[in-house]
Amino acid sequence: MSSNCLIQPEKKRKLEEQEDTFSNCHKAIPTGDQFPLKNLCVTEEINGVALLTPTSAEVTTENNYPPTTSDIKNGCTTTTANGEDTHQLKHKQTSSANNNKMTVGKAQNGVQNGAAATGQQFLDVEPKINEDLYSRQLYTLGKSAMLEMRKTKVLISGMGGLGVEIAKNVILAGVRAVTVHDVTAASMSDLSSQYYLTKQDVGKNRAECCWEKLAELNPEVSVSSLTQKLSLDYIKQFNVVVLTESREEELRSVGDFCHENKIKFIVAQTVGLFGMIFNDFGKGFVVNDHNGEDPLSAMIASVTKGEKGEVTCLDETRHGFEDGDFITFKEVDGMSELNGKEFQIEVTGPYTFKIGDTSSFSDYKTKGIATQVKKPKIVDFKPYSEAVKEPEILIADFAKFSTPRQLHFAFQALDKFMAEKNRKPAAYSAADSKELLALTTKIAGADEELDTKLMDMFSFTCDGQVCPMNGVIGGITAQEVIKACSGKYMPIYQWFYFDSVESLPLDWDKMTEKDCASTNTRYDGQIKVFGANMQNKLGDMNAFIVGAGAIGCEHLKNFSMVGISAGSKGKLTITDMDTIETSNLNRQFLFRKEDVKSEKSACAARAAKGFNPDLNIEHKFEKVCPETEGMFGDSFFEGLDLVANALDNIAAREYMDRRCVYYRKPLLESGTLGSKGNTQVVIPDITESYSSTRDPPESSFPICTLKNFPYEISHTLQWAREEFESMFSTPFFTAAQFSDVKGDAAKVDELFAKLKKQPASQCKESLVQLKRVIQEKPSSFEDCVKWARGCWLERFRNQIAQLLFAFPADKKASSGADFWSPPKRCPEALQLDLSYQYQIEYIASAALLRAENFNIRTFEQCRTSKANMDHTLEEVRSILGSLPEPPVFKAREGVRIAENDAELDAMNNEGDDEVDSLLEECKSLVTGPAAAKLNIKAIDFEKDDELNWHIDYITAASNNRATNYSIELADKFQSKKIAGKIIPAIATTTAVMSGLVCLELFKIVNGETNIEKYKCSFVNLALPYFGFSEPLPPKKTKYNDTEWTLWDRFELSHAEMPTVKHLMDYFESEHKMEVQMISYGVSMLYSFFMPPAKQKTRQSQSVKAIIEEILKMPLESHVKYVVLELCCEQNDEDVEIPYVKFKID
């Protein structure tokens, strides 16, 4: 249950990239106490510099790559320079096998965005990207952005809860190096939100305590720590500087210095339930892609000639362009002057736009594609010292339009308060609040009308820390770091303020300093915000997290730090039936490389327990579904206080939603899609449920488009994906079953009996596939290569030639128009040319997969063949060279080709009467002497294994077909995304969405009943866009004078109503309704149209007895209740009523 969640339904808005990067130059970083770093080092002094040097190893690397974090573990230094202590790498220059020595160069962040001119020296090598690790993030950011990030060095100052959250997300994202800085000693209060600190760390420097744990997150990022005061000279080496706990004087000096030296500067702070972000990326910052969306394309239907030539697109879909967009044309037939040129457009309609003067152009004939050209945007930022005076603020919540400006003044006043008193205002101190208000008023000026209630909330809680708030601000800030590194997405300009005051206790205004007094526990920072009473409630909660993927890991972080289920009565359950893969490590931060192939839920629970040893947590390796209701049934759900979904598919979400509605449990729902995300909170009686509204079904391609008339790469990739299934998977599932029984007559008969129970067309297809698999069984790899060549010839030469025989290039449709008019593309049959990459790769991959199907080569042997790709291709070429020339194809008369799906369906339904003869033929094939020697396996598609040939086959198949139809090819990376239906994901979005939905948790614990206090959120970090709205209330229905919603039901029992007659009498006497039908699922327990005798019998029986009679089996022991649906009449009219929750014993 990965939590790279699909975005939620329409009403919640569909908000809408090698091997291990340095696989040859580092080892996996050990965790915990497996590698006590300092025990391996001794202190020495060289030229007055104190060095912490390894006793047994020096940092060396292979292939001229820079050392990485794992090298730190094997060789590090602690350097004192200019009075600053920092852990750094001890570099040893080495030469590779070809004697090319490493060269040392300056850190760079790309030419466009003005990298730091001076700084710590890096080894001057072109960075690479580990596509296994970063695959989901690559599909979000793209390769060019990731390459820029791999050149970037980031300084993050302040290792409190916010600083560690930013560092975590930036390290996961994969920048080149991160230095974490802090001069502060850890306090007990820090444990409320700094999850890499323990009680044993109290009194120690926070950066010193957590840098090694941060380093474990991503061995490809060099992580170091600094424990002395920052100097401007030290800052020079960084490309991005983030300050999280600095005072105003330092903000101004560092901010101005960074602005002058072209260093990206970010300020982020959280206090209680308030947070802020400031960006200064300098003058002339280039945003290469402001929104991250793929460029739009539209197929052309016509272009007029004139002073303002107008383009009309095919009416398949709206073009989606906007006024002022730039577009370029290609494949235009006739008006060739358009091809390859850019035009700025004026939109005139959903299918039309104007491109300027076309009067001198040739006449348009046909075809053409218009594609949006994304232009870089230039943004000029003001330095902090200027921007603070006249703030330009990004509004997050328009329901709080005036709040951000007031918070701008409040944060400045807080700094002045701290300067005067060397502390923050005490929690819920009226006196301190009054002083802070006076300071805020003075800064704001007389013309500003301050909200004294808001100022009280700020003052009362600003000394506290809340982990979910740090998740929100930390995730957003980390995304801004990525923007600063890469020029990908539009940065926040320049200020951002956020609060969640609705999460405060309902009686916050009556709370006193005593209610929030220190308890000398890890929750002190949170108690300063919510009080000790709230903390007790949180500890006693019984909660359920469904899914331990990316969002599940973030939920566990937040739950453990908040203290949910950490009390004597509390219990947290997490379940996930998935295991950890390498691609998970980039987002699911609770897992490490050594956890790959382990159960997600177990590893996540162990990590969360490490954050908070008091956490009472149980993990399960189970799917939550109807089949596991014995485990997750009445007893389980009735004991819950809260459910949090962290699921990756709509069906599972809807199932959990139904369970929460049935058991009347609050549900926290969230989802992400790349830089986009949303949350929804579901509260019994107050809000609608997750399933109350749904998206329309996903659009699918017509079969005939895929089969005969593709016109875009997604069509050829979908076709290739289906080809994979039909060639290596589906036919072999049935054959593998017969292979397993080794000709055993009884078992063979049993398998055929199951086949005959299928619909005739399905049974026929299975039998045809079984017959073909057995009859075409190869005996050697050479046979597999010959077969693969035949497949290539059939699909990319013969079938296309046959199609053109049926529908020649000059064919006219019944309307008189060209048959091959857009969107159709007239294909061309290919001729076999083994020098063409995708032809030889198709044959090689198909042959290897075929060999695996029949165990001619094992899975591991096939993987070895892929690892030695060049040798494998030469082997295949050699075999092909020994084969006789294939016969020349000649198109056949009378071959029917469907023009549309209706014709195809009609053709597929013909000949079902052949099943019996096929059945007998197949029986003879699987019961003869050769049957015992069958050794067949089906291949399950796996997109994330680079050595299994699956994506190689699909890419080659798709690109051969795309060549047939003159469609632009897709590389392996893009093919994997489309064919594998990969959901783009990034850790920053996950952290933000989990933080937002967990802030709703406090409202639930508060017992908040005002729907206006709850927030559903819609976020796109790329734009950036933040939207909040209150949830929708449940739809109300009425019977008699009683209003009811989906949360209502009749709760009745066998004890009260031992027979169906008692049940019917109850509704007649109490609600004046006549029961016409009673159903349980799809089973009819009672109906007015049953024969009178049967009606009478059923009325005298108990509900449980009738159900067991119909099911022909007893109900399972865990079932306490059944759901009955009743159809009732009142005054001869149907009445809609809630369902009946009926206790059966």
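Predicted model, so just to flag it, every value in this text is computed and none were measured.

## So, the overall build of the protein
A tally of helices and strands in the protein yields 34 helices and 39 strands. Across the 1145 residues that make up the protein, the buried fraction comes to 57%.

## Remarks on the environment of His619
As for its position among the elements, His619 is in strand β26 (residues 617-620). The exposure class assigned to His619 is partly exposed, which follows from its relative accessible area of 38%. Taking the C-alpha atoms as reference points, His619 and Leu572, 47 residues apart in sequence, are found 8.5 Å from one another. Contact partners of His619, with chain neighbours within four places excluded, come to Ile574, Ser601, Ala602 and Ala605.

## Here's the deal with helix α32 (residues 1060-1071)
Over its twelve residues, α32 runs 16 Å from end to end, which matches the ideal 16 Å to within 8%, given 1.5 Å per residue. Among the residues of α32, those classed as buried are Val1060, Leu1063, Met1064, Phe1067 and His1071. Buried residues of α32, viewed axially, fall in a sector of 95°; they line one side. Lys1072 lies just past α32 and shows a positive phi near 55°.

## Comments concerning the environment of Gly320
Of note, Gly320 is situated in the loop between β15 (310-313) and β16 (326-330). For Gly320, a relative accessible area of 42% translates into the label partly exposed. The spacing of Gly320 and Gln372 is 52 residues in sequence and 9.6 Å in space, taken between C-alpha atoms.

## A closer look at the packing of aromatic side chains
Evaluation of the coordinates by the stated rule reveals 56 aromatic pairs. Ring plane angle 75° and centroid distance 5.4 Å describe the contact between Phe1088 and Phe1089, whose orientation is recorded as edge-to-face. Here Phe1088 falls in the partly exposed class, since its relative accessible area comes to 47%. You can call Phe1089 exposed: its relative accessible area is 54%.

## Concerning unusual backbone geometry
Here the amide bond leading from Pro822 into Pro823 is cis, since omega sits at 10°, within 30 degrees of zero. Tracing the sequence through the fold places Pro823 in the loop between α23 (781-806) and α24 (837-853). Cis geometry is found at the peptide bond from Leu1023 to Pro1024, where omega equals -15°. Residue placement: Pro1024 occurs in the loop between β30 (1016-1020) and β31 (1025-1029). We note that Asn520 has phi near 55°; this positive angle belongs to a residue other than glycine. Looking at the element boundaries, Asn520 is found in the loop between β23 (495-499) and α13 (524-530). Positioned with a positive phi, Lys1112 is a non-glycine residue whose angle comes to about 60°. Take Lys1112: it is sitting in the loop between α34 (1103-1111) and β37 (1121-1130).

## Digging into a negative patch on the surface
A grouping of Glu1068, Glu1074, Asp1132, Glu1133 and Asp1134 is seen on the molecular surface, where their side chains present a negatively charged patch. Among the secondary structure elements, Glu1133 is positioned in strand β38 (residues 1133-1135). Glu1133 sits in the exposed class, given a relative accessible area of 56%.

## Examining the state of the cysteines
Taken as a whole, this structure holds zero disulfides when the rule is applied. Its sulfur unpaired, Cys922 is 9.0 Å from the next cysteine sulfur, which belongs to Cys763. A disulfide-free cysteine, Cys1128 has its sulfur positioned 7.4 Å from the sulfur of Cys1127, the nearest such atom.

## Remarks on the sheet that holds strand β20 (residues 369-373)
An order of β17-β16-β20-β14-β15-β19-β18 is seen for the seven strands of this open sheet, with the pairing classed as antiparallel. For this open sheet the edge positions go to β17 (342-344) and β18 (346-349), each flanked by a neighbour on one side alone. With direction set aside, neighbouring strand axes in the sheet form an average angle of 40°. With three bridges joining them, β16 and β17 adopt antiparallel strand pairing. Its bridge partner being in β17, Thr328 is matched across the sheet by Glu342.

## Side note on the nonpolar core
Ranked by internal contacts, the top residues of the largest apolar core, which has 164 residues, are Leu214, Val241, Phe265, Phe458 and Phe559. Looking at this core element by element, the count peaks at eleven residues for helix α31 (residues 987-1006). Excluding residues that lie within four positions of it along the chain, Phe458 makes contacts with Val271, Phe274, Leu407, Ala410, Phe411, Leu414 and Leu436. Ala720, Met727, Trp792 and Ala979 belong to the second-largest nonpolar core, a separate cluster that totals 54 residues.

## Observations regarding the pairing of β37
Every second residue of β37 is oriented toward a common face, the buried set being Val1122, Leu1124, Leu1126, Cys1128 and Gln1130 and the non-buried set Tyr1121, Val1123, Glu1125, Cys1127 and Glu1129. Two elements, strand β35 (residues 1074-1080) and β37, share five bridges in a ladder whose sense is antiparallel. Of the residues in β37, the one forming a bridge with Glu1074 is Glu1129. In the sheet, β37 pairs with strand β39 (residues 1140-1143) via four bridges, with the strands oriented antiparallel. Across the sheet, residue Tyr1121 finds its bridge partner in β39, namely Lys1143.

## Section: the sheet that holds strand β27 (residues 642-645)
Spatially, β26-β25-β24-β27-β28-β29-β30-β31 is the arrangement adopted by the eight strands of the open sheet, whose pairing is mixed. Each edge of the open sheet carries a strand with a single partner, namely β26 and β31. For this sheet the average axis-to-axis angle between neighbouring strands, irrespective of direction, equals 10°. Of the pairings in the sheet, the one linking strand β24 (residues 542-546) to β27 comprises four bridges and is parallel in character. Paired with Val546 across the bridge in β27 is Asn645. Sheet contacts for helix α18 (residues 650-663): β24, β27, β28 (667-673) and β29 (676-682); angle to β28, the most-contacted strand, approximately 165°.

## Considering the environment of Lys1015
Positionally, Lys1015 belongs in the loop between α31 and β30. Linking Lys1015 and Ser500, residues 515 residues apart in sequence, is a C-alpha distance of 9.5 Å. The residues contacting Lys1015, other than those within four sequence positions of it, are Asp397, Glu502, Thr679, Val681, Glu1000, Lys1003, Phe1028, Ser1029 and Pro1031. Separated by 3.4 Å, the side chains of Lys1015 and Asp397 make a polar contact.

## Details of the pattern of salt bridges
Counted according to the given criterion, the structure contains 57 salt bridges. Residue Glu248 pairs with Arg252 through a salt bridge whose shortest N-O separation is 3.2 Å. Separated by four residues within a single helix, Glu248 and Arg252 lie in helix α7 (residues 248-260), roughly one turn from each other. Note on Arg252: relative accessible area 31%, which makes it partly exposed.

## Topic: a nonpolar patch on the surface
A grouping of Met1084, Phe1088 and Phe1089 is seen on the molecular surface, where their side chains present a nonpolar patch of about 310 Å² in accessible area. By the secondary structure assignment, Phe1089 is in the loop between β36 (1083-1087) and α33 (1092-1100).

## Points about the confidence of the model for the protein
In the predicted model, the protein carries a mean pLDDT of 88, and 87% of its residues have values of at least 70. Below a pLDDT of 50 lies the segment residues 1-124, which in the model reaches 373 contacts outside its immediate sequence neighbourhood of four places, other chains included.

## Concerning the side chain of Thr988
The residue Thr988 is located in helix α31 in this model. The exposure class assigned to Thr988 is buried, which follows from its relative accessible area of 1%. Once you skip the residues sitting within four places of it in the chain, Thr988 turns out to touch Asn169, Gly475, Ala478, Gln479, Ile482 and Leu1021.

## Brief notes about the packing of helix α21 (residues 745-756) against helix α22 (residues 760-775)
At a closest axis distance of 9 Å, the pairing of α21 and α22 adopts a crossing angle of 140°. One way to sum up the angle between α21 and α22 is to call them oblique. Within the contact between the two elements, α21 uses Phe752, Leu755 and Lys756 and α22 uses Cys763, Ser766, Leu767 and Leu770. Looking at the contact of α21 with α22 residue by residue, the classes come out as five nonpolar, one polar and one charged.

Cut-off values and rules
Residues numbered from 1 in each chain as written. Predicted model: local features only at pLDDT ≥ 70, side-chain atom pairs only at ≥ 80, totals over all residues. Heavy atoms only, no water. Helix = DSSP H or I, 4+ residues; strand = E, 2+ residues; numbered from the N terminus. Buried < 20%, exposed > 50% of the residue type's maximum accessible area, 1.4 Å probe, protein only. Contact = heavy atoms within 4.5 Å. Expected span 1.5 Å × (residues − 1). Arc of directions from axis to C-beta. Phe/Tyr/Trp six-rings, centres within 6.5 Å; stacked < 30°, edge-to-face > 60°. Patch = residues over 30% accessible without salt bridge, like charges linked within 9 Å, V, L, I, M, F, W, Y side chains within 5 Å. Areas by Shrake-Rupley, 256 points an atom, 1.4 Å probe, with all protein chains shown as cover. Salt bridge = Lys/Arg side-chain N within 4 Å of Asp/Glu carboxyl O. Lys, Arg positive; Asp, Glu negative; His and termini not counted. Charge placed at Lys NZ, Arg CZ, Asp CG, Glu CD. Disulfide = S-S within 2.5 Å. Pairing = 2+ DSSP bridges. Axes fitted to C-alpha atoms, helices over the stretch in contact; angles between N-to-C directions. Core = buried A, V, L, I, M, F, W, Y, C linked by side-chain atoms within 4.5 Å. Polar contact = N/O pair within 3.5 Å; in protein donor to acceptor, adjacent residues only side chain to side chain. pLDDT = per-residue confidence, 0-100. Parallel < 35°, antiparallel > 145°, perpendicular 65-115°, else oblique. Nonpolar A, V, L, I, M, F, W, Y, C, P; charged D, E, K, R; others polar.

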